[in-house]
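# Structure assessment
This is what each chain is made of:
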Amino acid sequence: MGSYIPNTKKQREEMLKEAGFSSFDDLYRDIPDELKVHGELNLPDGKSELETAKLLKQLSRENKVYTSIFRGAGAYHHYIPAIVKSVVNKEEFVTAYTPYQAEISQGVLQSIFEYQTMICELTGMDVSNASVYDGAVAAAEAVSMCRSPKKKKVLVSEGVHPDTRKVIATYGWAAKDEIVTLNLKNGLTDPEDLVDDASCIVIQQPNYFGLIEDVKKIAETAHAKGITVILSMNPTAMGILPSPAEYGADIAVGEGQPLGMPLSYGGPYLGFMAATQKLMRKLPGRIVGETVDSEGKKAYVLTLQAREQHIRREKASSNICSNEALCALTASVYLAALGPEGLKEVAEQCASKAHYLASELKKAGFTLKYDGEFFDEFVMNCEDPKALNERLAEKGILGGMPVEGGILWCCTEMNSKEEIDALVKEVSK
Amino acid sequence: MKTLFERSVKGRRCTILPENDVPVYEFAETRAVAPRLPELSETDISRHYTKLAQHTFGVNNGFYPLGSCTMKYNPKINEEAAALEGFTQIHPTQQDAQGSLRLLKTAEKYLCEITGMDEMTFTPAAGAHGELTGLMLIKKYHEVNGHTQRVKIIVPDSAHGTNPASSSMCGFTVVNIPSSEDGCVDLDELRKAVGEDTAGLMLTNPNTLGIFDKNIKQITDIVHEAGGLCYYDGANLNAVMGIARPGDMGFDCIHLNLHKSFSTPHGGGGPGSGPVGCKSFLAEFLPSQRIVEEAGTLKWEDRKDSIGMVRSFHGNFLVVVKAFAYLVTLGKQGVPETAKNAVLNANYLKHLLEDTYEVAKPGICMHEFVLTLENLKKETGVSAMDVAKALQDYGIHPPTMYFPLNVHEALMLEPTETESKETLDEAAAAFLDIYKTIQENPESLHDTPHHSYIKRPDEVTAARHPVLRYRFDD
């Protein structure tokens, strides 16, 4: 059986004796006998490392690895530069705890400070936190930031990712929010639908169906009614589309997975959150700040902790403790490797390829469900996306996400022209 | 250390992408102001992060007795398993993911067996996220049963800060009850606190003083008789896994920290995983979907009365892969053996220290113990903080400081089972050496650590005049 206990049997005996115990059972004499597990747990026997490695490899082989992926819908297949994997596998970063002890944690603290800076630059917002669990939770936490006793209504566009809408609804149920869904018209949110007495509105750019929303107009309408604007935005799109700040968002959130995290059957992912200066003290989670040490040298620390659970307990702005630090590091290294030009290039290639796919499909006689401008995803009318996807799967292609009345295609820089042409040929069969 | 932005040189870049091989699409409206991301070569990036790593202290750097955080060694085979292409390249919505489903289903079975629960979800991404989810189950249960007056959650004052914070987030009112001297639940206080408005109780056992609450069955009975439910905070499970099960203690739902008890790394503050388990009467309320088997094939199926979703997709899947690899390695023998040695190591280290330092609660401890430096501080002026910081000069990560709140000048030590006798002996020697310094030259401890990259930071200025991002010159 496997074990990670370094002490030999002899050492354990010596230690027991020295600490004044007659046996291991003696260590547990405080636990009432009727509460103890008697006999063995119903688990398999332990295994050697070699056996564990084989077993896990076997399980991984029961998953289908596609050679070509044309699906996004909240999880995007991008190229991950080798330097990203190399940096985030450094043992110090992998095995450290939350950096409570600043003197021996300057490295990880600085990496978070740099991450916060990059998120501010990307979103155009003033302040960023150190991350939350994922994009959906980031949106739900943003709604919590806006909660007020007078305004219970929370407006959520139907164009927001279905999982994000569900998470907002669950958090909102617990906090007694009144969630109002804004239905889409021709795939887009209608600014006319904004009611007066809402605390905030959540919109997504590009929306779930790939369309580019008129966020500026929505934000202007919202602000005129005193509604806080929460924009959930794909970070890749920020390389080329206007930033959340340019759109007029008060809080920018989103799923950071496209910034260097593999698909991983859904996680770990990264929820990023940034806001205007005014909302700084309402941000949940860890935040790193720059200061000096007792000798005047530049230093980084976890700061504004008066918001947090370990200080404020039931009065804290959120309960968050562990976040997604290593994923935030991943995003930083990814953005550093690409730089401003590289990120723009990724965004441009994703969009160009998606538009190429759309035009080729149109040439082949297919129609798009919506006529609005899209980024790197679009809905094609399709009666039986399931059957189509089954056919594509046989060719090693993961087809688009089935949605009502159609199929949601996605392209990234990973899809070469050759691959796209092959897909169109298959779809046309 | 220079930041990435200070190392940036205009026009410098890595070559990552091939030329675009399709016509370029032009957007109607584009970004006005470009993000000032750093422009670097791969050499720059590699050296920058190597430097940052050198100023980061992980479990691989040395002893990490951070109480309540279970900083055990993170086995490499777990990392290797989670890096397999058959796990990393899987889209969360793809149908043919039998391997992922089987892994999740089997991990659920093993963890239910260890905890005495009937069903489990892996959706919550961290411990506090699990707490929130578990409390939502309690809320839903009362709602479904028409007990809308049950709005209060009882939390002992020795609890982790996340417990009351999660309760508030879930829309409950928190009732703090004082613990008895050993951090255990004061049964009289509990009886006074429960009533018609009790929704539930949140508890960790062993508690934050490292003591197993012997009255646990009475405690859960009192809450149940009052109509409330009992929530188990699994932060301290490492002491009792395979030895005693929360389900048998009378708990209705629990969360686990896979990044504590089940050896997945902390990553400098996540990603973690906080699966929530419950008894069958709460199972329909669990978030997201459950995995069912149909003719030998596994698939996701909706729950009848789910609270909804608490995170997208299926949670931090790769973290579960790591914990699963650990469980497979340990097996039925290794799980209790782990707990026993965690408790042995804690008692051994406590034994080495207790003649010198005052233990907050003398006697047997579980996986951790708490020192109180209250008297020492009165006599010498040396605080828990001073001692903690001094340990850094010995290559030891400081224990948890000033927690639990019901102990003054607290230092909470959790050595874990993956530390050797030699490491514990060396750590004890460091503690005793510091004690000698306290007697001879207490003043010298106020500005420890002496050998770290920075001295103690000015946290007050950091909070009063927040600088939360790099400021560009232009």
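Residues numbered from 1 in each chain as written. Chains lettered and ligands numbered in written order. Predicted model: local features only at pLDDT ≥ 70, side-chain atom pairs only at ≥ 80, totals over all residues. Heavy atoms only, no water.

A count of helical and extended segments in chain A gives 14 helices and 16 strands. The C-alpha extent of chain A, read off along each of the three principal axes, is 80 × 55 × 50 Å. Contacts in chain A between residues far apart in sequence, at least 24 positions, make up 70% of those at least 6 positions apart. If you sum the accessible surface of chain A, you get close to 14800 Å²; carbon and sulfur atoms cover 50% of it. For chain A, the distance from the average site of its 47 positive side-chain charges to the average site of its 60 negative ones is 1 Å. (Helix = DSSP H or I, 4+ residues; strand = E, 2+ residues; numbered from the N terminus. Contact = heavy atoms within 4.5 Å. Areas by Shrake-Rupley, 256 points an atom, 1.4 Å probe, with all protein chains shown as cover. Lys, Arg positive; Asp, Glu negative; His and termini not counted. Charge placed at Lys NZ, Arg CZ, Asp CG, Glu CD.)

Looking along the chain, the bond that leaves Asn 205 of chain B and enters Pro 206 of chain B is cis, with omega of 0°. Along the polypeptide, Pro 206 of chain B turns up in the loop between β4 (198-203) and α9 (216-225). In this chain, Thr 448 of chain B is followed by Pro 449 of chain B through a cis amide linkage whose omega measures 0°. In this structure, Pro 449 of chain B sits in the loop between α14 (421-440) and α15 (459-464). The phi dihedral of Tyr 265 of chain A is positive, around 50°, even though this residue is not glycine. Position of Tyr 265 of chain A among the secondary structure elements: in the loop between β9 (251-255) and β10 (271-275). You can call Tyr 265 of chain A buried: its relative accessible area is 1%. (Buried < 20%, exposed > 50% of the residue type's maximum accessible area, 1.4 Å probe, protein only.)

It is worth spelling out the domain arrangement of chain A at this point. Reports often express the size of an interface as the amount of accessible area lost when the parts come together. All names here are of chain A. For chain A, the assigned domains are domain 1 (68-79 + 340-428) and domain 2 (82-332). Taking only C-alpha atoms, the centre of domain 1 and the centre of domain 2 are 28 Å apart. Each side of the interface is counted separately: domain 1 has 27 residues, and domain 2 has 23 residues. Contact with domain 2 buries surface across domain 1, with Leu 343, Tyr 370 and Phe 375 losing the most and accounting together for 30% of the total. One can count zero salt bridges joining domain 1 with domain 2. Across the contact surface, domain 1 and domain 2 share five residue pairs in polar contact (both at pLDDT 80 or more). Counting only elements with at least two residues in the side of domain 1 that touches domain 2, the list comes to α12 (325-363), β13 (377-381) and β15 (401-403). (Domains from an automatic or database assignment. Buried area = accessible area lost by both parts, 1.4 Å probe. Salt bridge = Lys/Arg side-chain N within 4 Å of Asp/Glu carboxyl O. Polar contact = N/O pair within 3.5 Å; in protein donor to acceptor, adjacent residues only side chain to side chain.)

Attention shifts here to the layout of surface pockets. In this structure, the second largest pocket spans a volume of roughly 1200 Å³. In terms of lining residues, the second largest pocket is bounded by 50 residues, among which Tyr 100, Gln 305, His 310 and Ile 311 of chain A together with Met 401 of chain B are the most central. (1 Å grid on protein atoms, 1.4 Å probe; cavity = no way out; pocket = protein on both sides within 12 Å on 5 of 7 lines; lining within 4 Å. Points joined across faces, edges and corners; volume = space filled by probe spheres on them.)

Residue and element names in this part refer to chain A. One open sheet holds the three strands; their spatial order is β13-β16-β15, and the pairing between them is antiparallel. At either margin of the open sheet sits one strand with a lone partner, and together these are β13 and β15. Each adjacent strand pair in this sheet contributes to an overall mean axis angle of 35°, direction not counted. Note: β13 against strand β16 (residues 406-410), five bridges, orientation antiparallel. Across the sheet, residue Met 380 finds its bridge partner in β16, namely Ile 407. In the packing of α12 onto the sheet, contacts are made with β13 and β16, and the angle to β13 comes to roughly 15°. Where helix α13 (residues 385-394) meets the sheet, it contacts β15 and β16, and its direction lies at approximately 45° from that of β16. (Pairing = 2+ DSSP bridges. Axes fitted to C-alpha atoms, helices over the stretch in contact; angles between N-to-C directions.)

Moving on to empty space enclosed by the protein. All names here are of chain A. Taken as a whole, this structure holds six cavities of 30 Å³ or more when the rule is applied. Of the voids in this model, the largest cavity is the one considered here, and its volume is about 280 Å³. Along the wall of the largest cavity there are 26 residues; nearest its centre are Gly 74, His 161, Gln 204, Ser 232 and Glu 255. For the lining of the largest cavity, the elements supplying multiple residues, two or more each, are α7 (135-146), α8 (162-174), β7 (198-205), β8 (228-233) and β9. Broken down by class, the residue content of the lining of the largest cavity amounts to ten nonpolar, eleven polar and five charged. When residues are assigned to domains, the lining of the largest cavity turns out to be shared by domain 1 (68-79 + 340-428) and domain 2 (82-332), each giving three or more. By volume, the second largest cavity amounts to about 80 Å³. Across the lining of the second largest cavity, the residue classes break down as six nonpolar, five polar and one charged. (Nonpolar A, V, L, I, M, F, W, Y, C, P; charged D, E, K, R; others polar.)

Attention now goes to helix α3 (residues 49-61) of chain A. Residues and elements named next belong to chain A. With 13 residues, α3 extends 18 Å between its outermost C-alpha atoms, agreeing within 8% with the 18 Å of an ideal straight helix rising 1.5 Å per residue. Within α3 the residues assigned to the buried category are Thr 52, Leu 56, Leu 59 and Ser 60. Projected onto a plane normal to the axis of α3, the buried residues spread over an arc of 100° and lie on a single side. Counted as exposed and oriented over 90 degrees from the buried face of α3: Leu 50, Lys 54 and Arg 61. (Expected span 1.5 Å × (residues − 1). Arc of directions from axis to C-beta.)

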